[in-house]
Amino acid sequence: MDKLSILQSVKRSKIMDNLNTNEIRLYLILLANSRENGDGKILLRVINGVLGEGFPIDRLKAACCKLSKYGLIDVSASSLEQIKDNDSKLVYKIFPVKQGSHTKRWKEGCSYEGI
C-alpha cells in the first residue's frame, strides 16, 4: 500500500471537500499509523495527542463513521463501541479511493450525531 498514492487519490476524488478539519486530521493520523496492508490499531491517547484532549469520544465515533461512509476506512464495530478511555484501541483498515464509489463501504448503525 503506497500511502502517498492513497492520499493523492483522496485529493483527486474531492472527498476532503466534505470533511471538516478534525475529520481530515483523524484520517491523516490513521493513514500514517496504518501498516503496509492498510490495517491499523491506534490508542485513543495517540489520537488525543494530535487532536487534543478536548476532542470528545462521541465526535471521534461520528468522524470514524463519516470516514467510513466515504469509503476511506473501515472501523471494527467492536473497537468503536469499546472506546472509553485513553487505553482504548481503535482497530481499522485504510482503503484506496476508487473513483465513483464514495459510499460503497457504508455500514448500517453509524450515526452522524454531533458532527
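Scroll up to find the structure this text is about.
In this text, all values refer to a predicted model and were calculated from it rather than measured experimentally.

If you tally the helices and strands in the protein chain, you get five helices and three strands. The buried share among the 115 residues of the protein chain stands at 40%. Sequence-distant contacts in the protein chain: of pairs separated by 6 or more residues, those separated by 24 or more amount to 68%.

This part is about the sheet that holds strand S1 (residues 39–43). Either a parallel or an antiparallel arrangement is found when strands of a sheet pair, and the pairing is made through backbone hydrogen bonds. With respect to topology, three strands assemble into an open sheet ordered S1-S3-S2, the strand pairing being antiparallel. Two strands bound the open sheet, and with one partner strand each, they are S1 and strand S2 (73–75). Shown here is a sheet whose adjacent strand axes are inclined to one another by a mean of 30°, direction ignored. Relative to strand S3 (residues 89–94), S1 is paired through five bridges, and the arrangement is antiparallel. What sits directly across from aspartate 39, in S3, is lysine 93. Its contacts with the sheet put helix H3 (residues 44–51) on S1 and S3, and the angle it makes with S1 is roughly 75°.

Let us now look at unusual backbone geometry. For lysine 14, which is not glycine, the phi torsion reads 70° and is therefore positive. Its location among the elements puts lysine 14 in the loop between helix H1 (3–13) and helix H2 (21–33). Its relative accessible area of 53% is what places lysine 14 among the exposed residues.

Let us now look at H3. Quick reminder: α-helices carry 3.6 residues per turn. Residues three or four places apart thus point the same way. All of the buried residues along H3 are Leu44, Ile47, Asn48 and Leu51. Buried residues along H3 cover an arc of 100° about the axis, so they all sit on one side. For H3, the secondary structure elements touched by its buried residues are H2, S1, helix H4 (57–69) and S3.

This part is about the pairing of S3. Here S3 shows a clear split, with Leu90, Tyr92 and Ile94 buried on one side and none of Lys89, Val91 and Lys93 buried on the other. Judged from the three bridges that link them, S2 and S3 form a sheet pairing that is antiparallel. Following the sheet pairing, aspartate 74 is matched in S3 by lysine 93.

Tracing the backbone shows aspartate 74 in strand S2. Taking relative accessible area as the criterion, aspartate 74 reaches 22% and is therefore assigned partly exposed. For aspartate 74 and tyrosine 92, which are 18 residues apart along the polypeptide, the C-alpha to C-alpha distance reads 5.5 Å.

The rules behind these values
Residues numbered from 1 in each chain as written. Predicted model: local features only at pLDDT ≥ 70, side-chain atom pairs only at ≥ 80, totals over all residues. Heavy atoms only, no water. Helix = DSSP H or I, 4+ residues; strand = E, 2+ residues; numbered from the N terminus. Buried < 20%, exposed > 50% of the residue type's maximum accessible area, 1.4 Å probe, protein only. Contact = heavy atoms within 4.5 Å. Pairing = 2+ DSSP bridges. Axes fitted to C-alpha atoms, helices over the stretch in contact; angles between N-to-C directions. Arc of directions from axis to C-beta.

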